[in-house]
Every structure is written in C-alpha cells, then in structure tokens.
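As a plain string of letters, each chain reads:
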Amino acid sequence: MSPPLIALLLLLTLGVMVLGVRELEAGAAQNRAITLRTALDDVEARAARLDVRTDIVLRRTRLGLYLEQRLATAGVPMLTSTALAILLGAGLGLSVTINSLLSQILTPLGFGVAVLLANIYLERRQGERKEMFVGQLPQLARVLSNAASAGLALRSAIGLAADDLAEPARTELRRVADALAVGQSLEDALRDLEHRLPAREVTVLVSTLVISARAGGSLVEALRNIASTLEARKEVRREVRTVLSQSVYTGYLVVALGIGILLVLNSVQPGLLDTMLSRPLGQVALVVASGLFTVGLLLIKRATRIDV
C-alpha cells in the first residue's frame, strides 16, 4: 500500500473519530443542559439533520436495532449511525496499522479487532453502569419504602425516586415512569428494567415490587428488609472484587505480553511475520496460540465472575 494512500486513510479515520467524539460530547451536554427551545422545535431541528435521518433508517435494520440496544444499556449518548461510522473508521485505521507494522496477510483482522474492542468497551460501560445502579438499590428501596409509608401508590413512588436519585438510577427509573405513563403495565415496565440491568439484586427488587402489586402485603416492611440486605451484599461484592482484581489484570497482562513479543520480533527482523504466515506450520502456530490466549481469557473471566 502506497504512503499517500495510507496517509489519506489515516486522515479519514481521524475525521471519523473526531466526529464521534463531538457527537459524544454533544450527547452528554444535552443530558446536562436545559434547552432554551421548546420540545417541538428541538424535535423538528433534530429530525432535519442528516445524521438523525440516517439513524432512523439504520434502526429499522437488525444491526441498527442491536447497536441501539447495546448503546442504551451501556449508557452511551450516541447515535447509532455515528457509532457505526466510528466502528468502520476504527477498523480501517487498525487495518492500515496492521498492514504497516505487521503483515499484509493480517490486514483484514483490523475490522475484527475493532469489533472486539468496541464490544469490550460496551461491556465494560454496561458493567460499570450496572454496578452503579446496584450500589443505588439500597437508597432506592428506602425511597420507595418512605413513599409507600406516606400513602403514595407505587407508580407515583417510582416517579418520585426518579427525581431524587442520581444517575444512572434517574434515567432508568424515568424510563419506567414514562412507560407507565403511556399505558404499559407495571410488571412489563419493571421487567424491561431487569432486562436492561441484569443483576440478582435488581431481580430481587423487581420480583418484590411485582408480587406486592399483584397480591398486596406489607410493601414497606419488605422494602426495608431489602434495603438492609442489599447494603450487606454491596460490601461483600466490593471485598470480593478487590481480592480478584489482581488475577484479572494478570491475565490481561499475559495476553498483552504475547502480542508485544510478536511486535518486537517483527521489528527486530522485518518480514518475519510474512515469512511465518506464508507457511502452513506458521499459520497453524498462530491459530493455536490465538486460540489458547482466547480460551485463557474466557476461563479467567468465568473464574473471576462475581455471583454473590
């Protein structure tokens, strides 16, 4: 690949990344700021934008719907079309980098690496958001308990909790309140919350609220018991995560060392990877090594999973 073409592709990738960062910052600012225009003017202005129209068309496809759900569960304020453009730009940039530093045979792996990194990023954001919400559950249970003891209905208590709590509980409870406002049943709205934030603590709270709405009972006492139990579970999870953190990062370091050694060998003896991948034995060795690294990471992830 010629140097001018590489420079052009890198500039294109940089432009796409800058566009994505600007979109991310705009989404975050929109969540924090209070708009001065009316809601109708804001909707009309956004609908007229090219990226919004592209996003509407993309969300009609299965891929667009999947990306939208992943971005929503991860709490990333970004359009689906922008996320897809960033993913393609990152794949193009990684392909050019791999072609320049490693081997032309490995160039298609750039898009695979981009998808893998994007999936890791979204899973990490989703996990952090879930942990933050789980940490807010004791406070949420107390707010709902106080509202129920004051005589408020559960639907009104959820709206009150959405106004009192911080992110991400505010956004998630606001979604539940909005779903209830348009006629969705309480059970379906709470099950959607459980689907967006899959955790045992969320399941316990949702089940308690659903059973109370169906059969009645002492909701105030149940929520107070849940609040104390969730506080204890939060402390246990924090201690377990601290103990396991060394093992998790050691596994990631081993994988990084393997990739680093490969880069060093190719830089010391240029063309080493091309020579190795041009022979069947080298191809088999690379596939086996990649498989072993992947299996090792999966085993570490499974062994360090917190189920308390």
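Nothing here was measured: the structure is a model prediction, and the numbers come from that model.

Novice: Please explain the overall build of the chain as it appears in this structure.
Specialist: Within the chain, the regular secondary structure consists of 13 helices and zero strands. For the chain, the sequential pattern of α-helices and β-strands runs α-α-α-α-α-α-α-α-α-α-α-α-α. The buried share of the chain, taken over its 308 residues, is 31%. Here the contacts in the chain between residues at least 6 apart in sequence split such that 63% fall between residues at least 24 apart. Accessible surface computed for the chain: about 18800 Å², of which carbon and sulfur atoms make up 66%.

Novice: How do you make sense of the nonpolar core when you look at a structure like this?
Specialist: Considering soluble globular proteins, one finds that nonpolar side chains tend to be buried as a cluster. Of all hydrophobic cores here, the largest spans 35 residues; its most connected members are Phe 133, Leu 137, Leu 140, Leu 144, Ile 158, Leu 190 and Leu 209. Within the residue set of this core, elements represented by two or more residues are helix 6 (109-149), helix 7 (154-164), helix 8 (169-181), helix 9 (186-196), helix 10 (200-215) and helix 11 (219-268). For this core, the leading source of residues is helix 6, giving eight residues. Leu 71, Ala 74, Met 78 and Ile 86 belong to the second-largest nonpolar core, a separate cluster that totals seven residues.

Novice: Is there a simple way to explain the side chain of Glu 172 in this structure?
Specialist: You can see Glu 172 is positioned in helix 8. Overall, the relative accessible area of 0% leaves Glu 172 in the buried class. A polar contact of 2.6 Å, which involves the side chain of Glu 172, links it to the side chain of Arg 196. Here Glu 172 is in contact with Arg 129, Phe 133, Leu 193, Arg 196 and Leu 197, once residues within four sequence places are set aside.

Novice: Explain helix 10 to me, please; I cannot follow it from the model alone.
Specialist: The α-helix winds at 3.6 residues per turn, so residues separated by three or four positions along the chain end up facing the same way. Look at helix 10: 22 Å from first C-alpha to last across 16 residues, which is about the 22 Å you get at 1.5 Å a residue. Buried within helix 10 we find Glu 201, Val 202, Leu 205, Val 206, Thr 208, Leu 209, Val 210 and Ser 212. Packed against the buried residues of helix 10 are helix 6, helix 7, helix 9 and helix 11.

Novice: Would you mind going over the packing of helix 9 against helix 10 with me for this structure?
Specialist: Axis angle and axis distance: for two packed helices, these are the angle between their axes and the distance between the axes, and together they describe the pair. One way to put it is that helix 9 packs onto helix 10 with a least axis distance of 10 Å and a crossing angle of 175°. Taken together, the axes of helix 9 and helix 10 are roughly antiparallel relative to one another. On the side of helix 9, the interface is formed by Leu 186, Glu 187, Leu 190, Arg 191 and Glu 194, while helix 10 contributes Val 202, Thr 203, Val 206, Ser 207, Leu 209, Val 210, Ala 213 and Arg 214. Taken together, the residues that form the contact of helix 9 with helix 10 break down as seven nonpolar, two polar and four charged.

Rules used throughout
Residues numbered from 1 in each chain as written. Predicted model: local features only at pLDDT ≥ 70, side-chain atom pairs only at ≥ 80, totals over all residues. Heavy atoms only, no water. Helix = DSSP H or I, 4+ residues; strand = E, 2+ residues; numbered from the N terminus. Buried < 20%, exposed > 50% of the residue type's maximum accessible area, 1.4 Å probe, protein only. Contact = heavy atoms within 4.5 Å. Areas by Shrake-Rupley, 256 points an atom, 1.4 Å probe, with all protein chains shown as cover. Core = buried A, V, L, I, M, F, W, Y, C linked by side-chain atoms within 4.5 Å. Polar contact = N/O pair within 3.5 Å; in protein donor to acceptor, adjacent residues only side chain to side chain. Expected span 1.5 Å × (residues − 1). Axes fitted to C-alpha atoms, helices over the stretch in contact; angles between N-to-C directions. Parallel < 35°, antiparallel > 145°, perpendicular 65-115°, else oblique. Nonpolar A, V, L, I, M, F, W, Y, C, P; charged D, E, K, R; others polar.

Keep in mind that these numbers describe shape and distance, not what the molecule does.
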